[in-house]
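One letter stands for each residue in the lines below.
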Amino acid sequence: MNFNDETTYKNVDFGDMPPQTFLLGLLSAFENRYQAVADKFFQEITWKQFFAVICINLCKESPTLNDLAEVMGSSHQNVKQILLKLERTGFVETRRDESDKRKQRIYVTEKCMRFCETHHTQSQIMMGKMFEGVDEDAIITTIQTIMKIEENLRSL
């Protein structure tokens, strides 16, 4: 496959790079580019902080730090740092679990919910522009591929 036809990479010589290697590099580069755009978009919090909020909201019950680290695919220490910053800005709070006092659960605050509501429409517009020209079947195939790669990664 010739990757040199892509305008973003027109000055890069991929030689005989296997597509698997290119894909991993592409995912990393995409994450960096997306984070830069999202950090500017949200202004008040970073993309990683907003991703933590998304992951908290995905959980069936308010997660513990370990639960959230698992969902985010990040270390306990990294997630703790993100949460400390979110707590300082008033976006999340931690409370003792009612049934197990040893556990601390993470909750989004009213301020965070208002922030999410305020940015929802613009966020949807940005997502629409990002996925313009990409059909749903391609998106589903990409999701399935990345989930399979992640499954394989967990077994290493």
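Residues numbered from 1 in each chain as written. Predicted model: local features only at pLDDT ≥ 70, side-chain atom pairs only at ≥ 80, totals over all residues. Heavy atoms only, no water.

**Overview of unusual backbone geometry**
Piece 1. A positive phi angle is found at glutamine 43, which is not glycine, with a value near 55°.
Piece 2. With respect to the helices and strands, the residue glutamine 43 is situated in the loop between α1 (19-42) and α2 (47-58). (Helix = DSSP H or I, 4+ residues; strand = E, 2+ residues; numbered from the N terminus.)

**Observations concerning the packing of aromatic side chains**
Piece 1. With the rule as written, the count across this model stands at nine aromatic pairs.
Piece 2. Ring geometry for tryptophan 47 against phenylalanine 50: centres 6.3 Å apart, planes inclined by 50°, an arrangement best described as tilted. Pair noted here: tryptophan 47 and phenylalanine 50 are both in helix α2, with a separation of three residues, about one helical turn. The pair tryptophan 47 / phenylalanine 50 is uniform in exposure class, with both members buried.
Piece 3. Their ring planes at 65° and their centres at 6.2 Å tell us that phenylalanine 50 and phenylalanine 115 sit as a pair that is edge-to-face. Here phenylalanine 50 is found in helix α2, whereas its partner phenylalanine 115 is found in helix α5 (residues 110-130), with 65 residues between them in sequence. (Phe/Tyr/Trp six-rings, centres within 6.5 Å; stacked < 30°, edge-to-face > 60°. Buried < 20%, exposed > 50% of the residue type's maximum accessible area, 1.4 Å probe, protein only.)

**So, the environment of phenylalanine 115**
Piece 1. Overall, phenylalanine 115 belongs to the buried group, its relative accessible area being 6%.
Piece 2. Separated by 69 residues in the primary sequence, phenylalanine 115 and threonine 46 have C-alpha atoms spaced 13 Å apart.
Piece 3. Apart from the residues lying within four places of it in its own chain, the contact partners of phenylalanine 115 are Phe42, Glu44, Ile45, Phe50 and Phe91. (Contact = heavy atoms within 4.5 Å.)

**Here's the deal with the side chain of threonine 64**
Piece 1. With respect to the helices and strands, the residue threonine 64 is situated in the loop between α2 and α3 (65-72).
Piece 2. Polar contacts involving the side chain of threonine 64 include one to the side chain of aspartate 67, which spans 3.1 Å.
Piece 3. Apart from residues lying up to four places away in sequence, threonine 64 is in contact with Lys103, Gln104, Arg105 and Ile106. (Polar contact = N/O pair within 3.5 Å; in protein donor to acceptor, adjacent residues only side chain to side chain.)

**Overview of a nonpolar patch on the surface**
Piece 1. A contiguous nonpolar surface patch, about 440 Å² in accessible area, is contributed by Leu23, Leu24, Leu26, Leu27, Ile146 and Ile149.
Piece 2. Elements represented by at least two residues in the nonpolar patch include exactly α1 and α6 (136-154).
Piece 3. Ranked by the residues each element gives to the nonpolar patch, the list is headed by α1, at four residues.
Piece 4. Within the element layout of this structure, isoleucine 149 appears in helix α6.
Piece 5. Residue classification places isoleucine 149 among the partly exposed residues on the basis of a relative accessible area of 36%. (Patch = residues over 30% accessible without salt bridge, like charges linked within 9 Å, V, L, I, M, F, W, Y side chains within 5 Å. Areas by Shrake-Rupley, 256 points an atom, 1.4 Å probe, with all protein chains shown as cover. Salt bridge = Lys/Arg side-chain N within 4 Å of Asp/Glu carboxyl O.)

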